[in-house]
Amino acid sequence: MPDQHHAMPAAELLALDRQHVWHPYGPMPGRQEPMVVSCASGVRLRLAEPSQGQDELVDGMSSWWSAIHGYNHPVLNEAVTDQLGRMSHVMFGGLTHEPAVRLAARLVEITPPGLEHVFLADSGSVSVEVAVKMCLQYWRSTGRPGKTRLMTWRGGYHGDTWTPMAVCDPEGGMHELWSGILPRQLFADVPPSGFDAPVDPAYVDHLRSLLSAHADELAAVIVEPVVQGAGGMRFHNPGYLRVLRELCDEYDVLLILDEIATGFGRTGALFAADHAGMAPDVMCLGKSLTGGYLTLAATLCTERVADGISRGAVPVLAHGPTFMGNPLATAVALASIDLLLGQDWQREVKRIEAGLEEGLAPARDLPGVRDVRVLGAIGVVQLTHEVDVAAATRAAVREGVWVRPFRDLIYVMPPFVTGDGDVARICRAVCAAAAEG
Ligand SMILES: *Cc1c(COP(=O)(O)O)cnc(C)c1O
């Protein structure tokens, strides 16, 4: 990778950062000093200044699920620079362009059957806002304006803007602070844990009784399929998705799947819904959609939903972000999808899954470890206590690895291009972080 070109020394940068820059979920000024990254290539982040004796870190996080092909990928770089030479942006109202149109058609082609229409949004949270707006408007337009509430299960995470916050886990999560003033949505218990655990009939009854009691006021059920991410890194049996599909059909409620974290192969299926062979009415995509290059998300819906909206008194979907369909983002998303599907991605995800299974197994014997679980290219070590993030990060950096634990969880979802040696290294770092964090 190229040498750092920052004229500004790291110490000066950090001082300004501390003075002016807000970081995710942080106080102002920040209490933990971030590390300065000068560039990144493949699965490695280059630090502006060595930390714990390391000047490069293997990225265990794919920059929050997104960089599935790693950094500075020649194919993705070319897609961006090629598009940059034509136009970096043009408004989407009244105009259209090839990368957005081709991306939409490609998404329809590869997502579960029935999803025909694509709304391009700028971030995952906004795509959830759009999904909910679609569902509410569908019922309003089709003469059932009382159906305005949402149902979800506990333990979920759907983003940080207002509507998604209302369906995030209301307890212990980041949004507890707002529980008094957020709209009160309907929460089922957390789905029983375990991808391979049998479907629990008592839990199915629980879902049924909530849906049957509240069908008249429910616009949609919204869940993360198979993997609940930032709400607790839990896995459940895909069978619950088929159950939700049947119940939603029976009680005339729409079903939204939030595949923002799970989409594009992460769980071992291209979309988590594919594990269950089912299709939602509305689906949200984001994070790895652009291979981690640019911010972009998409909300897909069925003919029925689009039709219902378009037959209403206000026959339009009143949403249109300034940067909707951004050409750079849609061009790199197309290239990222082609890159993924043009290789045996399932083999790569399985290979990483096997590496994580093997490498994280020793964590089971560590004191303070409650559970170790792996699904696809996702590895999770859950502690019996809140992680000491600073100590855990230090321990991982000492092993040359970047992880970002939260709550009681040290978890990784490496880029699919991570070699076996680096997967083993990530696992050693997670074990070290679990021992010290
Ligand atoms: C990250 C995430 C979001 C929010 O996406 P942003 O791009 O951060 O707004 C929503 N849902 C799920 C499941 C996510 O993992």
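Scroll up a little and you will see the structure.
Described in the following lines is the structure provided in the data block.

Cut-offs used in this document
Once a new chain begins, its residue numbering starts again from 1 and follows that chain's sequence as written. Residues qualify for local features only when their pLDDT is at least 70, as the model is predicted, and side-chain atom pairs are given and counted only at 80 or more; totals for whole chains, interfaces and linings, by contrast, use all residues. The basis for every side-chain value is the complete set of heavy atoms in the structure, and neither hydrogens nor water enter the calculation. Each nonpolar core is a collection of buried residues, namely Ala, Val, Leu, Ile, Met, Phe, Trp, Tyr and Cys, held together in the definition by side-chain atoms within 4.5 Å. Note on classification: 1.4 Å probe, protein chains only; a residue is buried when its accessible area is under 20% of the maximum for its type, exposed when over 50%, partly exposed between these limits. Secondary structure follows DSSP: runs of H or I at least 4 residues long count as helices, runs of E at least 2 residues long count as strands, and numbering of each begins at the N terminus. Residue contacts are defined here by distance: any two heavy atoms, one from each residue, within 4.5 Å place the two residues in contact. Proximity criterion: a residue is near a molecule or strand once any of its heavy atoms comes within 4 Å of it. Distance and chemistry together define a polar contact, namely a pair of N or O atoms within 3.5 Å, with one atom able to donate a hydrogen and the other to accept it when in protein, and with adjacent residues in sequence counting only for side-chain atoms on both sides. Each accessible area is a Shrake-Rupley estimate made with a 1.4 Å probe; only the visible protein chains count as cover when residues are assessed. We call Asp, Glu, Lys and Arg charged. Ala, Val, Leu, Ile, Met, Phe, Trp, Tyr, Cys and Pro are nonpolar, and the rest, Gly among them, are polar. Aromatic contacts are taken between Phe, Tyr and Trp rings whose centres are within 6.5 Å, Trp giving its six-membered ring; a plane angle under 30 degrees counts as stacked, one over 60 as edge-to-face, and the others as tilted. For a ring to carry a charge above it, either NZ of a lysine or CZ of an arginine must fall within 6 Å of the ring centroid while also lying within 35 degrees of the normal to the ring plane. The pairing criterion is simple: DSSP has to find at least two bridges between the two strands. The convention used is that axes are lines fitted to C-alpha atoms, helices contributing only their stretch in contact, and that angles between N-to-C directions extend from 0 to 180 degrees. None of His or the chain ends enter the tally, which takes Lys and Arg as positive and Asp and Glu as negative. For this document, the term salt bridge refers to a Lys or Arg side-chain nitrogen within 4 Å of an Asp or Glu carboxyl oxygen.

**Considerations on the nonpolar core**
Counting 90 residues, the largest nonpolar core has Leu103, Leu107, Met151, Val221, Phe264, Leu289 and Val381 as the members making the most contacts within it. Top contributing element to this core by residue count: helix α14 (residues 420-436), with 8 residues. Dropping the residues within four chain positions of it, Phe264 is found in contact with Ile68, Leu107, Ile110, Leu270, Phe271, Leu285, Ser288, Leu289, Ile337, Leu340 and Phe416. Counting residues in each nonpolar core, the second largest holds 25 residues, with Val132, Leu150, Ala220 and Ile256 among its members.

**Things to note about the site of the ligand**
Every residue near the ligand is listed here: Ser123, Gly124, Ser125, Tyr157, His158, Gly159, Glu224, Asp258, Ile260, Ala261 and Lys287. Separating an oxygen atom of the ligand from a backbone N or O atom of Gly124 is a distance of 2.8 Å. Taking Asp258, its side chain carries an N or O atom lying 2.7 Å from a nitrogen atom of the ligand. For the ligand, whose free accessible area comes to 380 Å², the fraction covered by protein is 83%. Its residues assigned to classes, the shell around the ligand shows 3 nonpolar, 5 polar and 3 charged.

**Some words on unusual backbone geometry**
A cis amide bond links Met28 with the next residue in sequence, Pro29, at an omega value of -5 degrees. Tracing the backbone shows Pro29 in the loop between α1 (10-20) and β1 (37-41). Even without a glycine there, the phi angle at Tyr25 is positive, about 55 degrees. Tracing the backbone shows Tyr25 in the loop between α1 and β1. A relative accessible area of 49% means that Tyr25 is categorised as partly exposed. Positive phi outside glycine occurs at Lys287, with the angle close to 35 degrees.

**Examining the packing of aromatic side chains**
On inspection of all chains with the given rule, the structure shows 5 aromatic pairs. Aromatic side chains Phe264 and Phe271 sit 5.4 Å apart centroid to centroid with 65 degrees between the ring planes, which places their arrangement in the edge-to-face category. By relative accessible area, Phe271 is classed as buried at 0%. Between Phe406 and Tyr411, the aromatic rings sit 5.3 Å apart at their centres with planes inclined by 85 degrees, giving edge-to-face as the arrangement. Pair check on accessibility: Phe406 and Tyr411 agree, each one buried. The ring of Trp139 is capped by Lys147, whose NZ or CZ atom sits 4.5 Å from the centre of that ring.

**Quick notes on the sheet that holds strand β14 (residues 378-383)**
Overall, antiparallel pairing links the 3 strands, which are arranged β13-β14-β16 in an open sheet. Lying at the two open borders of the sheet, with one neighbouring strand each, are β13 (369-375) and β16 (409-412). With strand direction ignored, the average angle separating the axes of adjacent strands in the sheet is 10 degrees. For β13 and β14, the ladder comprises 6 bridges, and the chain directions are antiparallel. If you follow Asp371 over to β14, its bridge partner there is Gln382. With respect to the sheet, helix α12 (residues 345-360) is in contact with β13, β14 and β16, its orientation differing from that of β13 by roughly 165 degrees. Those strands touched by α14 are β13, β14 and β16, and its axis lies near 175 degrees from that of β16.

**So, the environment of Ile378**
Locating Ile378 in the fold gives a position in strand β14. Through-space distance from the C-alpha of Ile378 to that of His214 is 35 Å; in sequence the pair is 164 residues apart. Ignoring sequence-local partners within four residues, the contact set of Ile378 consists of Trp65, Val227, Met233, Phe235, Arg266, Thr267, Leu356, Arg373, Val412 and Met413.

**Examining the side chain of Asp59**
Tracing the sequence through the fold places Asp59 in strand β3 (residues 54-59). It is Arg266 that comes nearest to the buried, bridge-free Asp59 among opposite-charge side chains, at 8.4 Å. Among the polar contacts made by the side chain of Asp59, one reaches the main-chain amide nitrogen of Met61 at a distance of 2.8 Å. Excluding residues within four positions of it along the chain, Asp59 makes contact with Val43, Leu45, Tyr71, Trp402, Pro414, Pro415 and Ile426.

**Quick notes on the side chain of Ser288**
Of note, Ser288 is situated in the loop between β11 (282-285) and β12 (297-302). For Ser288, a relative accessible area of 2% puts it in the buried group. Separated by 3.4 Å, the side chain of Ser288 and the backbone oxygen of Gly263 make a polar contact. Look past the residues within four positions of Ser288 in its chain and what remains in contact with it is Trp65, Ser66, Ile68, Gly263, Phe264 and Ser336.

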